[in-house]
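What follows is each chain in one-letter form.
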Amino acid sequence: LTRGFWSAQAQVCPIPRVRSASVRIMSDLRVHPAIEAVVNSAAEGSSVSPADFWNSFQEIVADLGPRVAAALRQRDAMQALIDAWLLERSGKVDAPEYEKFLKSIGYLVPEGQPFKVDTANVDIEIGSLAGPQLVCPVDNARFALNAANARWGSLYDALYGFDVISEEGGATRTGQYNKVRGKKVEEWAENLLSEIFPLQNGTYSQVTKFAVCNGALSCTLDSGSSTGLKDDSAFVGHNMKGDVLSEVVLRNNGLHMIIQIDPTDAVGKEHRAGVKGVVLEGALSAIMDCEDSVAAVDAEDKAKIYGNWLGLMKSTLTTKFQKGSQTMERGMNGDRTYVARDGSSASLHGRALLLVRNVGHHMYTDAVTYKNKDVPEGFLDAMVTALAASHDLKSKKNSRTGSIYIVKPKMHGPSEVSLTCELFERVEQALKIPTNTIKIGIMDEERRTTVNLMECIRAAKSRVFFINTGFLDRTGDDIHTSMLWAPAAPKGEIKGSKWIKSYEDWNVDCGLAAGLPGHAQIGKGMWAIPDEMGRMLVEKIGHPKAGANTAWVPSPTAAVLHSIHYHRVNVASVQQQLSSRQKASLKDILTPALLDKTLSKEEVERELQNNAQGILGYVVRWIDQGVGCSKVPDISNVGLMEDRATLRISSQHLASWLHHGVCTEEDIEAALKKMAAVVDGQNSKDPLYRPLAPACDGIAFQAARALIYEGTAVPNGYTEFALHKFRRQAKAARQTKL
């Protein structure tokens, strides 16, 4: 069994490259024209020239490139030692002995003395407020603008369009506006207002008029009496349309709700108090993703990503799109203004605070080459995204405190976090911006980072702005790391395993012990079922209750509904209570979810088909259409948000079962071919879709097979290498036809 391929001789993954035209910027540096153009555009009006930029970039590659290569080789070396140790014991592992072994090879590092982070100049969305965080592929300008503008959203729209409210009693949500459903929406919203902003007397369902008297909110009830808020301080301001009250601005746990009033509106004229809607503060922050949710495999793809990010940082990004027969144009929202209680003018941030996720250390790109070799893609990401964000350091339309927020994924342990911090310092020097301007978000999604999380945070104690449990990628890494231990448990059982609960708690425990509150976020993962908002409203409150002051959502609507959880839960109080509990179990974290029973033929077949369908459904869009994140129907036709993290789990799961003989290659082939027809049916209405069956020999199908059959050997179970290889083949084949 060969595991990994980061050899001493080859510092890059052997992905076949088709070299495109490049420009020689310096003697050893060649840059694709598309990347050169976007850097030239980003440099205009900045503190550096393109020549200075590329000179610094070449120095960074020369100095830090060998360190990245060494870190990747160390990953393989540690995995090889773990594999050998597990093979010697034939899967019979003693927990204390295993922990001792991991310490002996440097996988587990000693934990130092207690410390507190001192990250400075963070925005309130990072240090003070608790609320939803959107993740969005930045290669799609329309989606990126939707995410940036998702700071505010209509509660009425979210309730009307999704399953939070049932369709019983004629309250259907199809066709034209349904007044029956509209009435249920109003009742639901009024109940929420009564819960979060209770009145001294009565409920919002009894209010016939809102007014502002002497700087306070006054509500007239249907009895004719007047009442105010139980907590008068929850009213922070209002707006007028002429001499008529049009908006009431309320605040709870730092988050705002706005009651909109317009008796002339189609909805407002049907309401006793003229209320036409309730607007909630939704996504406090949004990650513009250059990594898992995009399909960026070459210079043109990267240039598109960088161009969109530059537009966001300059507040100039716009896009046009068709909606029915109309051409719509979308740009970035401005701040919301209102009249404060003292009569002065006040404003609220109109957009989510934008963060950017770069790629991990394991990715290389030929968009720029140094001495005829691909360069670390993360270096290019850091330099270009920070250069683009440097424009905001002047305007401060995104970060009011002058910070740049970069999320760094797939780091393995504190030494790699230190390397990233050194990279960021070099970028700051190159761009002539103050030290520690660039903050780092640590994705806790690889096991070596999890078990050494305190030391990872210590390595970035003046830069860290969040730690986040990326439980999907983390599951994929757990399966891969323990591949030779025993076959993985069925996926449904992994979700409820002991290690996941301890992992989630451990992340919060470490964050609180390191003093993140006030300096950084403690985050939780994605809600992956975008059509089941009713279920999300019930279940995702578990994240703030667990001590997380942010959690990921897949859409602006989900952000609106998830924000309700942060009204219902005071996260700061929860964190204070949790800070004294016993730390989660390292032993549990190091104990993978393994198959401990004999499965029936039907159970094996069901699991194989479930995995095969998920792989094919995601891969076919990635390879053929370049869609990095999409809603993919599962085997039961439930739409799931799929990205490379979910693909990593499914491919590693099948690789595990194949390696241990739970299934055969013939079983997997049968499942793939059967599910190819299912995926074709699920995509039959997509005019751009290319069927997988009956031939089952296209590039996308080949990619799916490679992900499974090469799953044991590929470093850490990462899917990027196969996806990039086959996507580039698909693009080349299409170009040849043209």
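Analysis parameters
- Residues numbered from 1 in each chain as written.
- Predicted model: local features only at pLDDT ≥ 70, side-chain atom pairs only at ≥ 80, totals over all residues.
- Heavy atoms only, no water.
- Helix = DSSP H or I, 4+ residues; strand = E, 2+ residues; numbered from the N terminus.
- Polar contact = N/O pair within 3.5 Å; in protein donor to acceptor, adjacent residues only side chain to side chain.
- Salt bridge = Lys/Arg side-chain N within 4 Å of Asp/Glu carboxyl O.
- Buried < 20%, exposed > 50% of the residue type's maximum accessible area, 1.4 Å probe, protein only.
- Pairing = 2+ DSSP bridges.
- Contact = heavy atoms within 4.5 Å.
- Axes fitted to C-alpha atoms, helices over the stretch in contact; angles between N-to-C directions.
- Parallel < 35°, antiparallel > 145°, perpendicular 65-115°, else oblique.
- Left-handed = near helix turned anticlockwise from the far one by under 90°.
- Nonpolar A, V, L, I, M, F, W, Y, C, P; charged D, E, K, R; others polar.
- Patch = residues over 30% accessible without salt bridge, like charges linked within 9 Å, V, L, I, M, F, W, Y side chains within 5 Å.
- Areas by Shrake-Rupley, 256 points an atom, 1.4 Å probe, with all protein chains shown as cover.
- Lys, Arg positive; Asp, Glu negative; His and termini not counted.
- Charge placed at Lys NZ, Arg CZ, Asp CG, Glu CD.
- 1 Å grid on protein atoms, 1.4 Å probe; cavity = no way out; pocket = protein on both sides within 12 Å on 5 of 7 lines; lining within 4 Å.
- Points joined across faces, edges and corners; volume = space filled by probe spheres on them.
- Core = buried A, V, L, I, M, F, W, Y, C linked by side-chain atoms within 4.5 Å.
- Phe/Tyr/Trp six-rings, centres within 6.5 Å; stacked < 30°, edge-to-face > 60°.
- Lys NZ or Arg CZ within 6 Å of the ring centre and 35° of its normal.

J.: Could you clarify how one ought to interpret the environment of T736 in this entry?
T.: Residue placement: T736 occurs in helix α26 (residues 720–737). Here A732 takes part through its backbone oxygen, which lies 2.9 Å from a polar atom of the side chain of T736.

J.: Is there a simple way to explain the pattern of salt bridges in this structure?
T.: Side chains that differ in charge, positive against negative, can pair when their charged atoms come close. Throughout the structure, instances matching the rule amount to 46 salt bridges. The partner of D381 in a salt bridge is K302, with the nearest N and O atoms 2.7 Å apart. Remark: K302 occurs in helix α8 (residues 299–314) and D381 occurs in helix α9 (residues 377–389); sequence separation between them is 79 residues. Both residues of the pair, D381 and K302, belong to the buried class. Here R535 ties to E539 by a salt bridge, and the two come within 2.9 Å at their closest N and O atoms. Here R535 pairs with E539, and both are found in helix α17 (residues 533–539), just 4 residues apart, close to one helical turn. By relative accessible area, which is 42% here, E539 ends up partly exposed.

J.: Which parts of the structure should I look at to understand unusual backbone geometry?
T.: Most peptide bonds take the trans configuration, and most residues that are not glycine carry a negative phi. Residues A693 and P694 are joined by a peptide bond in cis, for which omega reads 5°. In this structure, P694 sits in the loop between α24 (665–682) and α25 (699–709). Backbone geometry at N436 places phi at a positive 70°, although glycine is not the residue there. You can see N436 is positioned in the loop between α11 (414–431) and β21 (438–443). What makes N436 partly exposed here is its relative accessible area of 27%.

J.: Can you walk me through the sheet that holds strand β2 (residues 29–31) in this structure?
T.: What links the strands of a sheet is backbone hydrogen bonding, and the strands pair in either a parallel or an antiparallel sense. A sheet is described by the order of its strands in space; here 4 strands give the open sequence β1-β2-β18-β19, paired in antiparallel fashion. Edge positions in the sheet fall to β1 (23–24) and β19 (373–376), since each has one partner strand and no second. Contacts between helix α1 (residues 33–43) and the sheet are confined to β1, β2 and β18 (364–370), with β2 contributing the most and set at about 85° to the helix.

J.: What is the right way to look at the packing of helix α7 (residues 179–196) against helix α19 (residues 556–568) in this model?
T.: The relative placement of two packed helices is expressed as an angle between their axes plus a distance between the axes. For the pair α7 and α19, the least separation of the axes is 11 Å and the interaxial angle reads 25°. Regarding the angle of α7 to α19, the classification is roughly parallel. Along this stretch, α7 crosses α19, giving a crossing that reads as left-handed. Together, W188, L192, E195 and I196 of α7 and I564, H567 and R568 of α19 make up the contact between the two elements. Its residues placed into classes, the contact of α7 with α19 shows 4 nonpolar, 1 polar and 2 charged.

J.: Explain a negative patch on the surface to me, please; I cannot follow it from the model alone.
T.: On the surface, E602, E603, E605, E665, E666 and D667 cluster together into a negatively charged patch. With respect to the helices and strands, the residue E605 is situated in helix α22 (residues 601–625). Judged by its relative accessible area of 41%, E605 falls in the partly exposed class.

J.: Whenever I open this one, the sheet that holds strand β24 (residues 550–553) confuses me. Can you help?
T.: Strand order in the closed barrel formed by 8 strands is β3-β12-β17-β20-β21-β22-β23-β24, and the pairing between neighbours is parallel. On average, each strand axis in the sheet is tilted by 30° relative to the strand beside it, whichever way the strands run. One ladder, built from 5 bridges, connects strand β12 (residues 285–289) with strand β17 (residues 353–357); its direction is parallel. Residue pairing for β17: I287 is matched across the bridge by L355. On top of the sheet, α9 reaches β17, β20 (404–408) and β21; it is set at about 160° to β20, its chief contact.

J.: How should empty space enclosed by the protein be read in this particular structure?
T.: Any empty space left between atoms is shown by rolling a water-sized probe over those atoms. For the structure on display, the rule yields 9 cavities of 30 Å³ or more. In this structure, the largest cavity encloses a volume near 90 Å³. The wall of the largest cavity is formed by R75, M78, Q79, I82, Y107, H412, R447, R448, D477, T481 and N716. Contributing elements (two or more residues each) for the lining of the largest cavity: α2 (50–89), α12 (447–451) and α14 (471–481). Element by element, the count of residues in the lining of the largest cavity is highest for α2, at 4 residues. The residue inventory of the lining of the largest cavity, partitioned by class, reads 3 nonpolar, 4 polar and 4 charged.

J.: Would you take a moment to explain the nonpolar core for this structure?
T.: Side chains that are nonpolar tend, in soluble globular proteins, to be buried together. Counting 167 residues, the largest nonpolar core has I35, F210 and L312 as its most contacted members. Counting residues per element, this core draws most heavily on α2, at 13 residues. Apart from the residues within four sequence positions on either side, F210 is in contact with Y204, L217, S218, C219, L245, V248, I259, I261, A273 and V275.

J.: I would appreciate a short explanation of the packing of aromatic side chains in the present structure.
T.: Aromatic ring pairs are described here by two measures, namely the spacing of the ring centres and the angle between the planes. If you walk through the whole model with that rule in mind, you get 10 aromatic pairs. Both rings, one in F53 and one in W54, keep their centres 4.9 Å apart while their planes meet at 85°; by these two values the pair is edge-to-face. Relative to F101, the ring of W85 has its centre 5.0 Å away and its plane inclined at 15°; by these criteria the two rings are stacked. Of the two residues, W85 is situated in helix α2 and F101 in helix α3 (residues 95–104); the sequence distance between them amounts to 16 residues. Relative accessible area serves as the criterion here: at 7%, W85 is assigned to the buried category. Residue classification places F101 among the buried residues on the basis of a relative accessible area of 12%. A cation sits over an aromatic face here: R336 above W152, 5.0 Å from the ring centre.

J.: Just to check I follow, could you spell out the environment of L594 for this structure?
T.: Looking at the secondary structure, you find L594 in the loop between α21 (586–589) and α22. Ignoring sequence-local partners within four residues, the contact set of L594 consists of W485, A486, P487, A488 and A489.

J.: I would appreciate a short explanation of the layout of surface pockets in the present structure.
T.: Its boundaries defined by the atoms lining it, the second largest pocket holds a volume of some 1300 Å³. Along its surface, the second largest pocket is lined by 40 residues, and F471, L472, K495, M526 and A528 are the ones closest to its centre. Counting residues per element, the lining of the second largest pocket draws most heavily on helix α16 (residues 498–513), which supplies 5 residues. In the lining of the second largest pocket, the residues fall into 16 nonpolar, 12 polar and 12 charged.

Everything listed here is a matter of geometry and, on its own, says nothing about what the molecule does.
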